[in-house]
Amino acid sequence: MSKTGLAVLALTLLAGCNRDHKKVIAVIPKGSAHLFWQSVHAGAQKAGQELGYEIYWNGPERETDRERQIQIIEDFIVQKVDGIVLAPLDRKALVPTVEKLYSLKIPCAIADSGIDTDKYVCFAATDNYQGGVIAARRMGEILQGKGKVVVVKYVPGSGSTTERENGFMDTIKKEFSGIQIADSKYAQDTVETALSATEDLLTRNPDLQGLFACNASTAVGALQGLQSQNRTAVKMVGFDAEKALLDGLRAGQIDSLVVQNPFKMGYEGVKAVVASIKGEKAPKRIDTGVELITKAGLDDPKIKDLLRLQ
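These numbers come from a predicted model, not from an experiment.

> Hey, could you go over helix α7 (residues 191-204) for me, with residue numbers and the actual values?
The end-to-end C-alpha separation of α7 is 20 Å, in line with the 20 Å expected for 14 residues at 1.5 Å each. Residues of α7 that are buried in the fold lie against β6 (147-153), β7 (179-186), β8 (210-213) and α8 (216-228).

Pasting the structure below:
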């Protein structure tokens, strides 16, 4: 081969090598339908820009599609990404895949929702049980310690929402003996299924005073259910900060919302993975914070900053 040909070949191989060694972190949310995940993505992108890593983003269309989330992880393994930030759809079903990443020495940070293994770099999330406690204490305050409430649950196996549900129900039982949890129902993963579940709960319980909905889709569906049945007297405490929920809060249709900091989850998750890649130790647990907001608090600068991408 001529010297020119060898030079071209060398440049081609070098370019391929550079592509192969592009620094990439994959971020895998539970789904893509809600503003919450867009905020996680924005936080991950910010950290990636600061630290010199490209962010690959992919998640299932439905937040119940565990098999699809596992396949996405497998695809990123084949692509030889440098690390992964994962919001696991199920705290048990994703364990073998997360432990596979550990065995392959691909650092993985867990965000938003817990998993039943310790084979990860860092867990960056809300203290979800405490979020449920905060919601229960607000409910106890606005009902003056007495009445009947229902809980619109999310999906069995979802670590984050199960903790919120438990935090709410445990606190009502321990601290508010005059409040009865009259009923509860899993709403599944869409606003439409949450609307149907809420309407069923409202029909079965005509004498309710309160309702707690544990995440964005259940809360939007629950709000629509209260509106469709004209149950304006029922006090609602929701979770997350979708636009429809903030509008409901401003209109007085929702009493209050417990809100998270998804931007920080994405940001801290990527930072922890990069630290691990560099051989540095990341915190095993990062509490990204949780706040209760009411209509009166929407103008608080701290709350405005928290809601900037939600």
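> If you had to explain unusual backbone geometry to someone new, which residues and values would you point to?
In the Ramachandran plot, Lys 80 falls in the positive-phi region, its phi being about 60 degrees despite a non-glycine side chain. Counting through the fold element by element, Lys 80 comes out in the loop between α3 (66-78) and β3 (83-86). In this structure Lys 80 comes out as exposed when scored by relative accessible area, which is 68%. Look at Gln 188: it is not a glycine, yet its phi comes out positive at around 65 degrees. As for its position among the elements, Gln 188 is in the loop between β7 and α7.

> Describe the environment of Glu 61, and please don't skip the residues or the numbers.
In this fold, Glu 61 is placed in the loop between β2 (54-57) and α3. Looking at Glu 61, the relative accessible area reads 73%, which means it is exposed. When the C-alpha positions of Glu 61 and Ser 32 are compared, they lie 6.1 Å apart, and in sequence the two are 29 residues distant.

> Account for the packing of α7 against α8, with residues named and values stated.
One can describe the packing of α7 onto α8 by two numbers: an axis separation of 7 Å at closest approach and a directional angle of 50 degrees. On the basis of the axis angle, α7 is oblique to α8. Judged by the sense of rotation from one axis to the other, the crossing of α7 with α8 is right-handed. Contacts from Val 191, Ala 194, Leu 195, Thr 198, Glu 199 and Leu 202 in α7 reach Ser 217, Thr 218, Val 220, Gly 221, Ala 222, Gln 224, Gly 225, Leu 226 and Ser 228 in α8. Counted by class, the contact of α7 with α8 contains 7 nonpolar, 7 polar and 1 charged residues.

> Describe in detail the pairing of β3, supporting the description with residues and values.
Neither face of β3 is exposed, since Gly 83 and Val 85 on one face and Ile 84 and Leu 86 on the opposite face are all buried. Where strand β1 (residues 24-28) lies against β3, 4 bridges are found, and the strand directions are parallel. Bridge assignment links Ala 26 to a residue of β3, and that residue is Ile 84. Relative to strand β4 (residues 108-111), β3 runs parallel, the two sharing 3 bridges. Note on β4: the bridge partner recorded for Val 85 is Ala 109. Regarding topology, helix α4 (residues 95-103) serves as the crossover connection from β3 to the parallel β4, and that connection is right-handed.

> Explain the pattern of salt bridges to me, and be specific about the residues and the numbers.
According to the stated counting rule, one finds 18 salt bridges in the structure shown. Its salt-bridge partner being Arg 204, residue Asp 183 comes within 2.8 Å of it at the nearest N-O pair. With a gap of 21 residues between them, Asp 183 in strand β7 and Arg 204 in helix α7 connect regions that are remote in the sequence.

Each value, and the rule that gives it
Residues numbered from 1 in each chain as written. Predicted model: local features only at pLDDT ≥ 70, side-chain atom pairs only at ≥ 80, totals over all residues. Heavy atoms only, no water. Helix = DSSP H or I, 4+ residues; strand = E, 2+ residues; numbered from the N terminus. Expected span 1.5 Å × (residues − 1). Contact = heavy atoms within 4.5 Å. Buried < 20%, exposed > 50% of the residue type's maximum accessible area, 1.4 Å probe, protein only. Axes fitted to C-alpha atoms, helices over the stretch in contact; angles between N-to-C directions. Parallel < 35°, antiparallel > 145°, perpendicular 65-115°, else oblique. Left-handed = near helix turned anticlockwise from the far one by under 90°. Nonpolar A, V, L, I, M, F, W, Y, C, P; charged D, E, K, R; others polar. Pairing = 2+ DSSP bridges. Right-handed = clockwise from strand over helix to strand, strands pointing away. Salt bridge = Lys/Arg side-chain N within 4 Å of Asp/Glu carboxyl O.

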